[in-house]
Amino acid sequence: MLARKSIIPEEYVLARIAAENLRKPRIRDRPRKARFIAKNGACNLAHKNIREQGRFLQDIFTTLVDLKWRHTLVIFTMSFLCSWLLFAMMWWLVAFAHGDMDASIECAANSTKWTPCVTCVRSFTSAFLFSIEVQVTIGFGGRMMTEECPLAITVLILQNIVGLIINAVMLGCIFMKTAQAHRRAETLIFSRQAVIAVRNGKLCFMFRVGDLRKSMIISASVRIQVVRKTTTPEGEIIPIHQVDIPVDNPIESNNIFLVAPLIICHVIDKRSPLYDISAADLALQDLELIVVLEGVVETTGITTQARTSYIAEEILWGHRFVPIVTEEEGVYAVDYSKFGNTVKVAAPRCSARELDEKPSILIQTLQKSELSHQNSLRKRNSMRRNNSIRRSNSMRRTNSSLIVPKVQFITPEGSQSASET
């Protein structure tokens, strides 16, 4: 390294590097487009400047279910605590109005001197404890109702009704949050990348979907939408223009049997928004393909939905998914370690429109791939042949080096004898 630095002056090296950098065209990366649907299925959408906030209170149950867990638990705790405090104040007022706060009154319902509305309620603390006993139906037995006050009986009935309503709403909210449909969608997986390759003589857009659980998704269906920014002939700009594209499914009901990972295929034909897009144009397209998988959970009967999306950078042209389902000892085994693996295959780089207009392009592409495959096989065979010849030559050399030369022994009588050792 020191010798090389001494031969070429450092000033010349720096000047040459600077000149090379100036000659190279500087390509600025295109600003990354915001996704409409994230890879985990979440909608990348922010709601702003909503003036009518009261609409959320009209559907209070859905609002409680949509809240975060920490907010739901705080509301769950405060609803019970506030109801206990409210009725504790009412019991305290009933006892105070009836005169049950006198310390000389005995704590017994069958007392001949004085009959209280509620026995043993002489402070706000005791009224709060009695409110908890009434609403939660604990019943320790120290405090109890009497027939003395009709108002106390009314408060008892009112608290029971309010307590049942709070229990039904809050427990239903907790149950719905734990059994939400998107929880089941966590085990529905999609391949990280999609591919475009030739299948049955047509260019097809394909991706892989699978279910990690053994419990199946009943009546599962897949929908694909293309979301892109378009401009109408009148000059109107539509930032999120959704176009449905058909899915190639031999079943008329369009339902899939998701017992094992499947490759969902969309044939790029005249109805497809990808019909005029070639491999070179794909990187320049500002589009997003949204995939929606819907079905009914077999164990709970709840409809679930899993979503993902693919942008232009996540679509591989001229690739195909490797097979991952094999038969082992009479059982079909799925290797999820190869779920998203792809291999390169022969595919024309032109658009589907050009391929329909000139079918010879596909034949030429297949012929070129066959020739390249044969050439690679020939090279591989020649390399193997050369390696085998080299090995045989090396083995011959080693064997020749191990041959022991003949040695002649001379006996005293003058006769010679040859022997090999």
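Named according to an unreviewed UniProt entry, the chain is KCNJ8 protein originating from Eudromia elegans. Under Subcellular location (unreviewed entry), UniProt gives the following word-for-word description of the chain: "Membrane". Turning to the chain, the UniProt record has this under Catalytic activity (unreviewed entry): "K(+)(in) = K(+)(out)".

A.B. asks: Explanation requested: the pattern of salt bridges in the structure shown.
C.D. replies: Opposite charge on two side chains permits them to pair, given that their charged atoms come into close proximity. A complete count under the given rule lists seven salt bridges for this structure. The partner of Arg-143 in a salt bridge is Glu-133, with the nearest N and O atoms 3.5 Å apart. Here Glu-133 lies in helix H6 (residues 124–136) and Arg-143 lies in the loop between H6 and helix H7 (150–178), a separation of ten residues in the sequence. The partner of Arg-353 in a salt bridge is Asp-276, and the shortest N-O contact between them spans 2.4 Å.

A.B. asks: Whenever I open this one, a nonpolar patch on the surface confuses me. Can you help?
C.D. replies: Judged by side-chain polarity, Leu-57, Ile-60, Phe-61, Ile-153, Ile-157, Ile-161, Ile-165, Val-169, Phe-175 and Met-176 come together as a nonpolar surface patch covering roughly 910 Å² of accessible area. Put simply, the parts of the chain that give the nonpolar patch at least two residues each are helix H4 (60–66) and H7. The element that contributes the greatest number of residues to the nonpolar patch is H7, accounting for seven residues. Relative to the helices and strands, Met-176 is located in helix H7. Judged by relative accessible area, which is 36%, Met-176 ranks as partly exposed.

A.B. asks: What's the story with the state of the cysteines in this structure? I'm lost.
C.D. replies: Note: disulfide means a covalent bond formed between the sulfur atoms of two cysteine side chains. Taken as a whole and judged by the stated rule, the model has one disulfide. A sulfur-sulfur distance of 1.5 Å marks the disulfide that ties Cys-117 to Cys-149. Between Cys-117 and Cys-149, the disulfide has an S-S torsion of -50° and is therefore left-handed. With Cys-117 in the loop between helix H5 (69–98) and H6 and Cys-149 in the loop between H6 and H7, this residue pair connects regions lying 32 residues apart in the sequence. On the basis of relative accessible area, Cys-117 is assigned to the buried category, the value being 1%. By relative accessible area, which is 9% here, Cys-149 ends up buried. Looking at Cys-265, it has no disulfide partner, and the nearest cysteine sulfur is the one in Cys-204, 3.5 Å off. The exposure class assigned to Cys-265 is buried, which follows from its relative accessible area of 3%.

The rules behind the values
- Residues numbered from 1 in each chain as written.
- Predicted model: local features only at pLDDT ≥ 70, side-chain atom pairs only at ≥ 80, totals over all residues.
- Heavy atoms only, no water.
- UniProt positions renumbered as here; feature names shortened; annotations may be inferred.
- Salt bridge = Lys/Arg side-chain N within 4 Å of Asp/Glu carboxyl O.
- Helix = DSSP H or I, 4+ residues; strand = E, 2+ residues; numbered from the N terminus.
- Patch = residues over 30% accessible without salt bridge, like charges linked within 9 Å, V, L, I, M, F, W, Y side chains within 5 Å.
- Areas by Shrake-Rupley, 256 points an atom, 1.4 Å probe, with all protein chains shown as cover.
- Buried < 20%, exposed > 50% of the residue type's maximum accessible area, 1.4 Å probe, protein only.
- Disulfide = S-S within 2.5 Å.

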